[in-house]
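# Structure at a glance
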Amino acid sequence: MKLLHIVRCYGPMGGMERYVWETTLELAKLGHEVQVLCEYCATEKPEGIKVHELGKMFYRPRWLYYWRFAWSVKKWLGSHPQPDWIIHSHERVSVHDVTTFHGPPFASVREKPWWKKVSLRVAMQLYMERRELRVAKCIVPNSSIIARQLTLYYPEYAEKLVQPVVPGVLPSAVREPRKVPRDGGIIGFVGKEWKRKGLQKAVEIAAALRCARPNLEFHVVGPDKSEVQYLFSDWQGGYRLVGLSSHVKYAGFDVLLHPAIAEPYGMVISEAMAACVPVVISDACGAADQVTLDAGTVLPLSSSIETWADAVEHQLTRDTPVSRYEHGWERVAQEYEHIYSEIFRNGMK
């Protein structure tokens, strides 16, 4: 098949960007002809994939930036027709066959007070989002949470939704089975957008556990140290602020704590499970569907600090190893192969 993917930044960074990068690489390995249309490629262009760069644009205001990008994509395709290609977008454009939703719908703004909805920015974001869904022949959510939200806010397009195609995970070093000391252990938190991912709550949970485990360590990966140092003002050691890291050493954790307030998927969760690290996460995470009883615990976001601490304690004292989570990017590519084939089979292309 001939496949053209659209993404603003093409490269192995961020959640959505890595999703597109890994999926296109695997599709090319499967023998498909793959092109990528992007604003810019953030790394060396991969062999076997033709990458077209539109050039960097002004990022602010964001809605205008999205509009410019969509207009540039349409203009490029007008000059470079792709009649036999399936066009797969990951952005707010208007010229695609398939669109993948990587985050919550902007339409959730409808639930806010009226004075937060009356603006050109909101009107344009809503227009572009609805246009994206209206044009698509197939809408792919990247988690069941996103699927439910799209159904709620856009029931008229629900019939276009297919089963979620969750992100893949790369092989990583595996945590060796070990007995966690009764007075210690290492809890890991990973996430640059630390407020949304629940770092403040995670600090409270770890602090509660340190009452019974004085040698417990809490390692924070992602946020800038200067931004989060104040959260540990009452601590006398027992924590490490690692900062941003391109390679997280999950195998060094005894448990991953992720009490996110809103998390469309949560790659760090599947990455931890792939390293055989147990997880304790909120039910606001899209990856919650992949967390089995063997892999960890999923708690309501509203659960008390004591309940969260008990769940983490349960994982620290477990005497059974975590089964390795396996969901490679090749499987993601194969799921998209099926979606593309259905489009051709139904005469949509």
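To keep things clear, this report deals only with the structure shown in the data block.

The rules behind the values
Residues numbered from 1 in each chain as written. Predicted model: local features only at pLDDT ≥ 70, side-chain atom pairs only at ≥ 80, totals over all residues. Heavy atoms only, no water. 1 Å grid on protein atoms, 1.4 Å probe; cavity = no way out; pocket = protein on both sides within 12 Å on 5 of 7 lines; lining within 4 Å. Points joined across faces, edges and corners; volume = space filled by probe spheres on them. Nonpolar A, V, L, I, M, F, W, Y, C, P; charged D, E, K, R; others polar. Disulfide = S-S within 2.5 Å. Buried < 20%, exposed > 50% of the residue type's maximum accessible area, 1.4 Å probe, protein only. Salt bridge = Lys/Arg side-chain N within 4 Å of Asp/Glu carboxyl O. Helix = DSSP H or I, 4+ residues; strand = E, 2+ residues; numbered from the N terminus. Expected span 1.5 Å × (residues − 1). Contact = heavy atoms within 4.5 Å. Pairing = 2+ DSSP bridges. Right-handed = clockwise from strand over helix to strand, strands pointing away. Axes fitted to C-alpha atoms, helices over the stretch in contact; angles between N-to-C directions. Core = buried A, V, L, I, M, F, W, Y, C linked by side-chain atoms within 4.5 Å. Left-handed = near helix turned anticlockwise from the far one by under 90°.

### A few points about the layout of surface pockets
- Computed from the structure, the second largest pocket encloses a volume of approximately 380 Å³.
- Across the lining of the second largest pocket, the residue classes tally to seven nonpolar, three polar and 10 charged.

### Focus: the state of the cysteines
- Going through the model one piece at a time under the given rule, you end up with zero disulfides.
- Just so you know, Cys-38 is unpaired, no disulfide at all, and the nearest cysteine sulfur is the one on Cys-41, 5.8 Å from it.
- On the basis of relative accessibility, which here comes to 0%, the residue Cys-38 falls in the buried class.
- Cys-276 carries a free sulfur, and the closest cysteine sulfur to it, the one in Cys-285, is 20 Å from it.

### Topic: the pattern of salt bridges
- Enumeration according to the criterion identifies 17 salt bridges in this entry.
- A salt bridge links Asp-97 to Lys-137; the nearest nitrogen and oxygen atoms lie 2.7 Å apart. Of this pair, Asp-97 sits in the loop between strand S6 (86-89) and strand S7 (98-101) while Lys-137 is found in the loop between helix H3 (120-135) and strand S8 (138-141), placing the two residues 40 residues apart along the sequence.
- Looking at Asp-97, the relative accessible area reads 3%, which means it is buried.
- Classification of Lys-137 as partly exposed rests on a relative accessible area of 30%.
- Residue Lys-197 pairs with Glu-263 through a salt bridge whose shortest N-O separation is 2.7 Å. A residue pair is termed long-range when its members are at least 10 positions apart, and Lys-197 in the loop between strand S9 (186-190) and helix H5 (199-209) and Glu-263 in the loop between strand S12 (255-258) and helix H7 (267-274) qualify at 66 residues.
- The exposure class of Glu-263 is buried, given its relative accessible area of 6%.
- Taken together, the shared-partner salt bridges in this structure form one network comprising Glu-193, Arg-196, Lys-197 and Glu-263.

### With respect to helix H9 (residues 329-345)
- Its 17 residues give H9 an end-to-end C-alpha distance of 24 Å, which sits within 8% of 24 Å, the value for a rise of 1.5 Å per residue.
- Among the structural elements, strand S1 (2-6), helix H1 (15-29), S6, S7, S8 and H7 are those in contact with the buried residues of H9.
- At the C-terminal side of H9, Gly-347 shows a positive phi close to 70°.

### Brief notes about the pairing of strand S13 (residues 279-282)
- What you see with S13 is no split at all: Val-279 and Ile-281 on one side and Val-280 and Ser-282 on the other are buried throughout.
- In the sheet, S12 pairs with S13 via three bridges, with the strands oriented parallel. By the bridge assignment, His-258 is partnered in S13 with Ile-281.
- Since S12 and S13 lie parallel, the crossover through H7 that links them has a hand, and here it is right-handed.
- Relative to strand S14 (residues 296-299), S13 is paired through four bridges, and the arrangement is parallel. Paired with Val-279 across the strands is Gly-296, a residue of S14.

### Quick notes on the sheet that holds S12
- With parallel pairing, the six strands of this open sheet are ordered in space as S11-S10-S9-S12-S13-S14. Strands with a single pairing partner mark the edges of an open sheet, and in this sheet they are strand S11 (239-243) and S14. The average angle at which neighbouring strand axes cross in this sheet is 20°, direction not considered.
- Where S9 and strand S10 (residues 217-221) come together, five bridges link them in parallel fashion. Bridged to Val-190 within S10 is Val-221.
- Contacting S9, S12 and S13, H7 runs over the sheet at an angle of about 170° to S12.

### Comments concerning the nonpolar core
- Ranked by internal contacts, the top residues of the largest apolar core, which has 52 residues, are Tyr-10, Tyr-250 and Ile-269.
- Contributions of two or more residues to this core are made by H1, strand S3 (33-38), strand S5 (49-53), S8, H7, S13 and H9.
- Sorting elements by how many residues they give to this core places H9 first, with seven residues.
- Excluding residues within four positions of it along the chain, Ile-269 makes contact with Leu-256, His-258, Val-279, Ile-281, Cys-285, Ala-287 and Val-291.
- Ranked by size, the runner-up nonpolar core spans 28 residues in total, among them Leu-216, Leu-231, Leu-299 and Leu-316.

### Quick word on the packing of helix H2 (residues 62-79) against H3
- Contact geometry for H2 and H3: axes closest at 9 Å, N-to-C directions at 35°. H2 and H3 meet at a crossing whose hand is left-handed. Taken together, the residues of H3 that come into contact with H2 (itself represented by Trp-63, Tyr-66, Trp-67 and Ala-70) are Leu-120, Arg-121, Met-124, Gln-125, Tyr-127, Met-128 and Arg-131.
- Class assignment for the residues of the contact of H2 with H3 results in eight nonpolar, one polar and two charged.

### With respect to the pairing of S9
- With four of five residues buried, S9 is to be regarded as a mostly interior element.
- Handedness of the crossover joining S9 and S10 through H5 is recorded here as right-handed.

### Here's the deal with the side chain of Gln-125
- Structurally, Gln-125 is set in helix H3.
- Residue contacts for Gln-125: discarding those within four places in its chain leaves Trp-63, Tyr-66 and Phe-106.

### A few points about the sheet that holds S5
- Overall, parallel pairing links the six strands, which are arranged S5-S3-S1-S6-S7-S8 in an open sheet. Because the sheet does not close on itself, it has two edges, and the strands there are S5 and S8. Each adjacent strand pair in this sheet contributes to an overall mean axis angle of 20°, direction not counted.
- In this sheet, S7 lies alongside S6 in parallel orientation, the contact comprising two bridges. Note on S7: the bridge partner recorded for His-88 is Val-98.
- On top of the sheet, H2 reaches S1, S3, S5 and S6; it is set at about 135° to S3, its chief contact.

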